[in-house]
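# Fold and contact review
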Amino acid sequence: MKNILIFDTTLRDGSQGAGISFTVEDKLKIAKALDAFGVAYIEGGWPGSNPKDELFFNQAKKLRFANSRLTAFGSTRRKGIKASDDCSLKTIVASGAVTACIFGKSWDLHVKYALKTSNEENLKMISESVAFLKSKKMEVVFDAEHFFDGYKNNKNYSFQAVESALNAGADIICLCETNGGMLPSDIQKTVRDVVKTFPGVKFGIHTHNDSGCAVANSIVAIEEGCVMVQGTINGFGERSGNANLCSIIPGLQLKRGYKCVPAKSLQKLSELSRYVDEIANMVPNDSKPYVGKNAFAHKAGIHVSAIERNPETYEHMNPKLIGNERRILVSDLSGKSNVVSKASELAMAIHDTPEHVKKVIETVKDMENKGYQYEDADASFFLLTKKALESFKPFFSLKSYRVAVEKDACGNIVSEATVKLDIKGKEEHTVAEGEGPVNALDNCLRKALIKYYPDIKKVFLTDFKVRVVNSDANTAAKVRVLIESSDSSKSWGTVGVNENIIDASWQALTDSVEYKLLKSKK
């Protein structure tokens, strides 16, 4: 297997994405996770550009990386000064990183308009900066910025930029597709020519996703001879983002036979993707290839029936190889296979008879027509199936509830809920306050149930979402409330729908509790 060096720039280039702002502690956590995953390089940031990155490198000196080389980013020296006098380069040396990654212009248009200097001076800036860092015993990766645009407009000068870095001792030349507008055939033709022109040189590839081709462009560059690929977890980055390593790594390793990370690490890829999303406070894209929640989700009855016989019919790989899992979705498009497979997944005993399955399908279709959706509400589907087959005995029943919200002249808001339940033939009448009406209802429900069902103590809400079902009805529209609950050992989703958001929330809350009680009883 040919080794490919994975150069992760989530902490530097990824942090430039809209809505992303890592704290120093965030960066340290991600760096540890990346090292444990087994990437070859972790680009920690630009130590000379801001106090946060300087503090990160100071803290990172205390870490002991088992698999990764900590890398400091920066630019070539400024025009008109010596490399040894350049503050940015000196800060890279002082960062404690073992590898330096510096970028320089390889497109003469940038030399003229961005640097406002001569082509000759730019080449000196490249060579002298690389030579200075090599004199400090650092490994040097030279990012040939805008290389592909430079090659397209002035091939000779872009090659001169590469030669300047190589002659000064650069260890790896990374060809950067900085504007993100190239297509795979452009990358293929250019890299093939570069590798042929500079035999024996280690080249890397750095792409952006402005044309939606960052992953494809990276893979084709590796196939043409590059040995390093730069990218970010989940494709974080400026504008449309960087190349997504969560797609590149399994693509190269599982489909092309390259070795990017240790084989056992691949099974942690989905977990790493979600971990970085969580730290970045970004809503996960469930449709991400490979690692997304829906990457191996099946909804059409024909598809489900086929994968039950042979997963290869509608899955390009085994999701377990990258730590993901198959999901069977139940909806108004469902057939017998969906219901039976979903019931099995939820460890639910269901008789595989036409009458039973038909009854569940008809119930699901009726409920979805009213606005319900069970793709992220397995617990509600579990209860719906039990009720449809008349095999569910409720743990409690509602007699009434009332919610009041009061705001005084000072802006203080108080939410109070009153609930009357019938529990085992006894009426429980409870009152509780909360941060809002739903929280007050939740507190009230728990207060009423806890002495009968102590397991309720273990349940807590982890997510609460509201979606409008029929927006054309304006403020009278139905809303769908999706709640995710957990008891520390597992999570489950429930759903409620009503024109009244409080009642929709009540439905989802009570489904969550009843599902937990049913599982505890079992």
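See the structure printed just above.
What this report covers is the structure whose coordinates are included nearby. (Residues numbered from 1 in each chain as written. Predicted model: local features only at pLDDT ≥ 70, side-chain atom pairs only at ≥ 80, totals over all residues. Heavy atoms only, no water.)

### Brief notes about the overall build of the protein
Of regular secondary structure, the protein possesses 18 helices and 16 strands. Expressed as a percentage of its 522 residues, the buried residues of the protein come to 52%. Summing over all exposed atoms, the protein offers an accessible surface of approximately 24,100 Å²; the carbon and sulfur share of this is 49%. Charged side chains of the protein number 71 positive and 64 negative; the gap between the two group centres comes to 4 Å. (Helix = DSSP H or I, 4+ residues; strand = E, 2+ residues; numbered from the N terminus. Buried < 20%, exposed > 50% of the residue type's maximum accessible area, 1.4 Å probe, protein only. Areas by Shrake-Rupley, 256 points an atom, 1.4 Å probe, with all protein chains shown as cover. Lys, Arg positive; Asp, Glu negative; His and termini not counted. Charge placed at Lys NZ, Arg CZ, Asp CG, Glu CD.)

### Focus on the sheet that holds strand β15 (residues 479-486)
The sheet built from three strands is open, its strands ordered β14-β15-β16 with antiparallel pairing. This sheet does not close on itself; its edge strands, each paired only once, are β14 (460-468) and β16 (491-498). Recorded for the sheet is a direction-independent mean angle of 20° between the axes of neighbouring strands. Note: β14 against β15, eight bridges, orientation antiparallel. Following the sheet pairing, K465 is matched in β15 by L482. Against the sheet, helix α18 (residues 501-521) engages β14, β15 and β16, with an angle of about 150° to β16. (Pairing = 2+ DSSP bridges. Axes fitted to C-alpha atoms, helices over the stretch in contact; angles between N-to-C directions. Contact = heavy atoms within 4.5 Å.)

### Description of empty space enclosed by the protein
A complete count under the given rule lists two cavities of 30 Å³ or more for this structure. Approximately 30 Å³ is the volume found for the largest cavity. For the largest cavity, the full set of lining residues is D442, R446, V459, L461, S485, L509, S512 and V513. The greatest single-element share of the lining of the largest cavity, amounting to three residues, is contributed by α18. (1 Å grid on protein atoms, 1.4 Å probe; cavity = no way out; pocket = protein on both sides within 12 Å on 5 of 7 lines; lining within 4 Å. Points joined across faces, edges and corners; volume = space filled by probe spheres on them.)

### Looking at the packing of helix α9 (residues 214-223) against helix α10 (residues 245-255)
Taken N-terminus to C-terminus, the directions of α9 and α10 make an angle of 35°; their axes are 10 Å apart at the nearest point. The handedness of the crossing between α9 and α10 is right-handed. In contact with V215, S218, I219 and I222 of α9, α10 contributes S247, I248 and L252. (Left-handed = near helix turned anticlockwise from the far one by under 90°.)

### So, the nonpolar core
Among the nonpolar cores identified, the biggest contains 84 residues, and F56, L133 and F147 are the most heavily contacted of them. With seven residues, the top contributor of residues to this core is helix α1 (residues 24-37). For F56, the contacting residues outside a window of four places in its chain are L11, V24, K27, L28, A31, G44 and L70. If you look at the next biggest cluster of nonpolar residues, it comprises 35 residues, including L383, F395, A448 and Y515. (Core = buried A, V, L, I, M, F, W, Y, C linked by side-chain atoms within 4.5 Å.)

### Overview of the pattern of salt bridges
Considering all chains together, one arrives at 22 salt bridges under this definition. Taken together, the shared-partner salt bridges connect R12, D13 and E43 into one network. (Salt bridge = Lys/Arg side-chain N within 4 Å of Asp/Glu carboxyl O.)

### Let's talk about unusual backbone geometry
Backbone geometry places H146, a non-glycine residue, at a positive phi of 55°. Here H146 is to be found in the loop between β5 (139-145) and α6 (147-153). Of note in this structure, N234 is not a glycine but carries a positive phi near 65°. Relative accessible area serves as the criterion here: at 11%, N234 is assigned to the buried category.

### Quick look at the sheet that holds strand β1 (residues 5-8)
In spatial order, the strands read β1-β2-β3-β4-β5-β6-β7-β8; together these eight strands close into a barrel with parallel pairing. The average angle at which neighbouring strand axes cross in this sheet is 25°, direction not considered. Pairing of β1 with strand β2 (residues 41-45), which is carried by two bridges, proceeds in the parallel orientation. Paired with F7 across the bridge in β2 is Y41. Against the sheet, α1 contacts β1 and β2, and its axis sits at roughly 170° relative to β2. Sheet strands in contact with helix α3 (residues 87-94) are β3 (69-75) and β4 (99-105), and its direction is about 175° off that of β3.

### Considering the environment of Q507
Within the element layout of this structure, Q507 appears in helix α18. Taking C-alpha positions, Q507 is 8.4 Å from T494, a pair spaced 13 residues apart along the chain. Setting aside chain neighbours within four positions, we find Q507 in contact with Y372, V495, G496, V497 and N498. From its side chain, Q507 meets the backbone oxygen of V497 in a polar contact 3.0 Å long. (Polar contact = N/O pair within 3.5 Å; in protein donor to acceptor, adjacent residues only side chain to side chain.)

### Some words on a nonpolar patch on the surface
Taken together, L461, F464, V466 and I501 make up a surface patch of nonpolar side chains, about 280 Å² in accessible area. The greatest single-element share of the nonpolar patch, amounting to three residues, is contributed by β14. Here V466 lies in strand β14. For V466, a relative accessible area of 32% translates into the label partly exposed. (Patch = residues over 30% accessible without salt bridge, like charges linked within 9 Å, V, L, I, M, F, W, Y side chains within 5 Å.)

### What to know about the pairing of β15
Side chains on a regular strand alternate between the two faces of the sheet. Of all eight residues in β15, seven are buried, a share of seventy percent or more. Sheet topology places β15 next to β16; eight bridges connect them, and they run antiparallel. If you follow V479 over to β16, its bridge partner there is N498. From the end of β15 to the start of β16, which pair antiparallel, there are four residues, and S488 there has a positive phi angle of about 80°.

### Observations concerning the layout of surface pockets
Of the voids in this model, the largest pocket is the one considered here, and its volume is about 1,500 Å³. In terms of lining residues, the largest pocket is bounded by 42 residues, among which D286, K293, D376, E484 and S491 are the most central. Secondary structure elements with two or more residues in the lining of the largest pocket: α12 (269-280), α14 (336-345), β14, β15, β16 and α18. Residue composition of the lining of the largest pocket, grouped by class: 11 nonpolar, 10 polar and 21 charged. Volume-wise, the second largest pocket comes out at about 320 Å³. Residue lining of the second largest pocket: 22 residues in total, with N234, G235, F236, N285 and K288 positioned closest to the centre. The residue inventory of the lining of the second largest pocket, partitioned by class, reads eight nonpolar, 11 polar and three charged. (Nonpolar A, V, L, I, M, F, W, Y, C, P; charged D, E, K, R; others polar.)

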